[in-house]
Amino acid sequence: VLFDLNNDDVADIVVQKSNDTVWLAKNGEQPSVYKLSPVNSFVTYVNEPINCISFYGDVIYISVQTSDSTALVYRWTGFVLEEVFSMSETDSEITNMHQFNNKLFLGCKNGNLYSYDERSLSFVKSFGFQFMKLYSDNSLLYVVLRNAKKVFIYDGSNFSEVQV
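Computed from a predicted structure; not experimentally measured.

Peer 1: Outline the overall build of the protein, listing residues and values.
Peer 2: Broken down by element type, the protein carries 0 helices and 16 strands. Here the C-alpha atoms of the protein give a radius of gyration of 16 Å, agreeing with the 15 Å that 2.2 N^0.38 yields for 164 residues. With the C-alpha coordinates of the protein rotated into their principal frame, the extents come out at 45 × 35 × 35 Å. Burial status across the protein gives 45% buried among its 164 residues. Within the protein, contacts between residues separated by at least 24 positions form 29% of all contacts whose residues are at least 6 apart in sequence. Summed over all atoms, the accessible surface of the protein reaches about 8,900 Å², with 46% contributed by carbon and sulfur. Treating the 12 positive side-chain charges of the protein as one cloud and the 19 negative ones as another, the clouds have centres 7 Å apart.

Quick look at the structure:
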């Protein structure tokens, strides 16, 4: 066994593309983040249950669940977990994150999409549905929503829709 979760739930798993390192976030009694390669190692504890993790540049960002469903995002500096930003808007809790076009895109529980560029948080679009998945192939951002029968594709300026 390479890694024992002790029956805890995996919150998210991502690959750091610059060095092919796999990172895992788990919930349970003590939410925490681990690096799984080249040697499995504990990185940090997180005070709240983890929703998702993503890389922006070479820094891992961690979105957590809050008691009032508002957004709270941390980043791992290599030494400490620091708060990057929070939002007080109802149901702004971030459930999906993905890097695209030199920005970190954030999908909220309330269906709003934001972008973050290390200086500011910007509203992009409201979809009216919760996010299932954000994904990028480095040329486009794909937005998959829960209970929607279409995929939204963003080129950095405009959205188009594809029926599924």
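The discussion continues.
Peer 1: With reference to specific residues and values, describe the pattern of salt bridges.
Peer 2: Evaluation of the coordinates by the stated rule reveals 5 salt bridges. Residue Asp-8 is joined to Lys-26 by a salt bridge in which the shortest nitrogen-to-oxygen separation is 2.5 Å. Of this pair, Asp-8 sits in the segment before strand E1 (10–16) while Lys-26 sits in strand E2 (residues 21–26); the two residues are 18 residues apart in sequence, bridging distant segments of the chain. Classification of Lys-26 by relative accessible area gives buried; the value is 7%. In this structure, Asp-117 and Arg-119 form a salt bridge, with 3.4 Å as the shortest nitrogen-oxygen distance. Of the residues examined, Arg-119 reaches a relative accessible area of 71% and is grouped as exposed.

Peer 1: Got a sec to walk through the environment of Lys-125? Specific residues and values, please.
Peer 2: Tracing the backbone through its elements, the reader meets Lys-125 in strand E12 (residues 121–126). For Lys-125, a relative accessible area of 28% translates into the label partly exposed. C-alpha of Lys-125 to C-alpha of Ala-148: the two residues are 23 residues apart in sequence and 16 Å apart in space. In this structure Lys-125 touches Gly-111, Asn-112, Leu-113 and Phe-159, once residues within four positions along its chain are discounted.

Peer 1: If you had to explain the environment of Glu-118 to someone new, which residues and values would you point to?
Peer 2: In this structure, Glu-118 sits in the loop between strand E11 (112–116) and E12. Setting aside residues no more than four positions away along its own chain, Glu-118 makes contact with Tyr-56, Tyr-61 and Arg-75.

Peer 1: Pulling in residues and values, what's your account of the pairing of strand E15 (residues 150–154)?
Peer 2: Of all 5 residues in E15, 4 are buried, a share of seventy percent or more. Here strand E14 (residues 141–145) pairs with E15 via 4 bridges, running antiparallel. Bridge assignment links Leu-141 to a residue of E15, and that residue is Tyr-154. Taking the residues between adjacent antiparallel strands as the criterion, E14 and E15 are bridged by 4 residues, where Asn-147 takes a positive phi near 60°. Bridging between E15 and strand E16 (residues 159–163) involves 5 bridges; their strand directions are antiparallel. The residue of E16 that forms the bridge with Ile-153 is Ser-160. In textbook terms, the turn of a hairpin is the stretch between consecutive antiparallel strands, and for E15 and E16 this stretch comprises 4 residues, one of which, Gly-156, has a positive phi near 105°.

Peer 1: Give a description of the side chain of Asn-96 that names residues and reports values.
Peer 2: Looking at the secondary structure, you find Asn-96 in strand E9 (residues 94–100). Overall, Asn-96 belongs to the buried group, its relative accessible area being 10%. Within the structure, the side chain of Asn-96 is placed 3.4 Å from the backbone oxygen of Phe-131, a separation counted as a polar contact. With near-sequence residues (within four places) excluded, Asn-96 lies in contact with Cys-52, Phe-105, Leu-106, Gly-107, Phe-131, Met-132, Lys-133 and Leu-134.

Definitions and cut-offs
- Residues numbered from 1 in each chain as written.
- Predicted model: local features only at pLDDT ≥ 70, side-chain atom pairs only at ≥ 80, totals over all residues.
- Heavy atoms only, no water.
- Helix = DSSP H or I, 4+ residues; strand = E, 2+ residues; numbered from the N terminus.
- Rg over C-alpha atoms; globule rule 2.2 N^0.38 Å.
- Buried < 20%, exposed > 50% of the residue type's maximum accessible area, 1.4 Å probe, protein only.
- Contact = heavy atoms within 4.5 Å.
- Areas by Shrake-Rupley, 256 points an atom, 1.4 Å probe, with all protein chains shown as cover.
- Lys, Arg positive; Asp, Glu negative; His and termini not counted.
- Charge placed at Lys NZ, Arg CZ, Asp CG, Glu CD.
- Salt bridge = Lys/Arg side-chain N within 4 Å of Asp/Glu carboxyl O.
- Pairing = 2+ DSSP bridges.
- Polar contact = N/O pair within 3.5 Å; in protein donor to acceptor, adjacent residues only side chain to side chain.

These values are about where atoms sit, not about what they do.
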